[in-house]
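Listed below are the residues making up each chain.
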Amino acid sequence: MAIDIGRRQFITALGGAAAWPLAAHAQQVAMPVIGFLHGGSAVVFTEQVAAYREELRAAGYVEGQNIAIEYRWAEGRFENLPALADELVRRHVTVIAAIGGDIVARAAMKATSAIPIVFMVGQDVIRSGLVASLNRPGGNVTGVTLFVPILVPKQMELVHMIVPNATVIAVLTNPNNPTVLPDLPDLEKAARANGMELQLLNATTAEEIDAAFAAMMDRHAGALLVPGEVFFTSRRGQIVTLATRHVIPTIYPFREFVAAGGLMSYGNNLNEVARLAAVYSARILRGEKPADLPVQQPTKFELVINLITAKALSLEIPAKLLALADEVIE
């Protein structure tokens, strides 16, 4: 009898041991997966990704422990976004974080109407048709919207305070992602309000950015505005270098440009916005529905000024402007 009991215990233990790999496999399969779809490149947006991960960790989700993240980067080639979004859908991710503008969000939305999507865009999300309402987005989409287009008049005003004699302001635009700027009449009105004519310059490649600066020189542009667009943010090193080389006082949309040597920026903090997107990603992982999560609108805008660059450009920053700055790099 004791032998039979021992044999049964042994067989039970053996069966349990055999089930361990299957249980471990089941846990691995059950781990939720975030699809991280970005219009830019991993090399340039490392801080943004780090902020997203940190906020997930604060919400109890640690990459490699209880969640996995599948990254897909368009590297500024927006034509690749549909295929990248389709890859994530085939991967059966739990939620898609669509970062880098409405063009990224649209690619994700076209790929799936079932998987929850958390976007981070700069455009008017109602006007662009991403959601039906800010308070009740509807469907499988919600996220964070920046104030990129509506900040342009203020950005023009700020840069004009530094170069009040400028008569032409150049504005870079990416025709593949044009909605980060106000409509042309509003853009021209903002320039005129500051006593300047508008020079719009298209650029979709690094070579076209070079050509745009050459055109600025031909037109004797006295200032430059770079909008909050993912391709331009990816090429910030090139743009900042050219602006310094050609001595063009430039206002940028994000602090990252100024940290790279740009003159000044006015806009949202990209890392903080990434944290907001992570909060919504975590809430959806816990079971909340995107349709019930209002679109977030960060209301804090940062003015950052680089006095080292100002000196290199032989510019004097008005004391009034310095007093308004949230950060001054010296």
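From a predicted model like this one, the values you see are computed outputs, not experimental measurements.

Conventions we followed
Residues numbered from 1 in each chain as written. Predicted model: local features only at pLDDT ≥ 70, side-chain atom pairs only at ≥ 80, totals over all residues. Heavy atoms only, no water. Helix = DSSP H or I, 4+ residues; strand = E, 2+ residues; numbered from the N terminus. Contact = heavy atoms within 4.5 Å. Pairing = 2+ DSSP bridges. Axes fitted to C-alpha atoms, helices over the stretch in contact; angles between N-to-C directions. Parallel < 35°, antiparallel > 145°, perpendicular 65-115°, else oblique. Left-handed = near helix turned anticlockwise from the far one by under 90°. Nonpolar A, V, L, I, M, F, W, Y, C, P; charged D, E, K, R; others polar.

Caption draft 1: Representation of the environment of phenylalanine 45 in the model. Relative to the elements of secondary structure, phenylalanine 45 occurs in the loop between strand S1 (33-38) and helix H2 (46-58). Along the primary structure phenylalanine 45 and valine 121 are separated by 76 residues, whereas in three dimensions their C-alpha atoms are 15 Å apart. Aside from chain neighbours lying at most four places away, what touches phenylalanine 45 is His38, Gly40, Trp73, Val230, Thr233 and Ser234.

Caption draft 2: Main features of the sheet that holds strand S11 (residues 302-306). Taken together, the 7 strands give an open sheet; going across it, the order is S7-S6-S8-S9-S10-S11-S12, and neighbouring strands pair in mixed fashion. Across the chains shown, the open sheet's two edge strands, defined by having one partner strand only, are strand S7 (197-202) and strand S12 (327-329). Neighbour to neighbour, the strand axes of the sheet diverge by 20° on average, direction disregarded. Here strand S10 (residues 264-267) pairs with S11 via 4 bridges, running antiparallel. Bridged to serine 265 within S11 is valine 304. Contacting strand S6 (168-173), S7, strand S8 (223-225), strand S9 (250-252), S10 and S11, helix H5 (residues 152-162) runs over the sheet at an angle of about 155° to S10. Relative to S7, helix H6 (residues 184-193) is tilted by about 135°, and along the sheet it contacts S6 and S7.

Caption draft 3: Summary view of the packing of helix H7 (residues 206-219) against helix H9 (residues 236-245). Running from N to C, H7 and H9 cross one another at 20°; their axes reach a closest spacing of 11 Å. Considered as vectors, H7 and H9 are oriented roughly parallel to each other. Crossing angle aside, the handedness with which H7 passes H9 is right-handed. For the pair formed by H7 and H9, the contact residues are Ala206, Ile209, Asp210 and Phe213 on the first element and Gln238, Ile239, Leu242 and Ala243 on the second. Taken together, the residues that form the contact of H7 with H9 break down as 6 nonpolar, 1 polar and 1 charged.

From the geometry alone we can't say anything about function, so treat these as descriptive.
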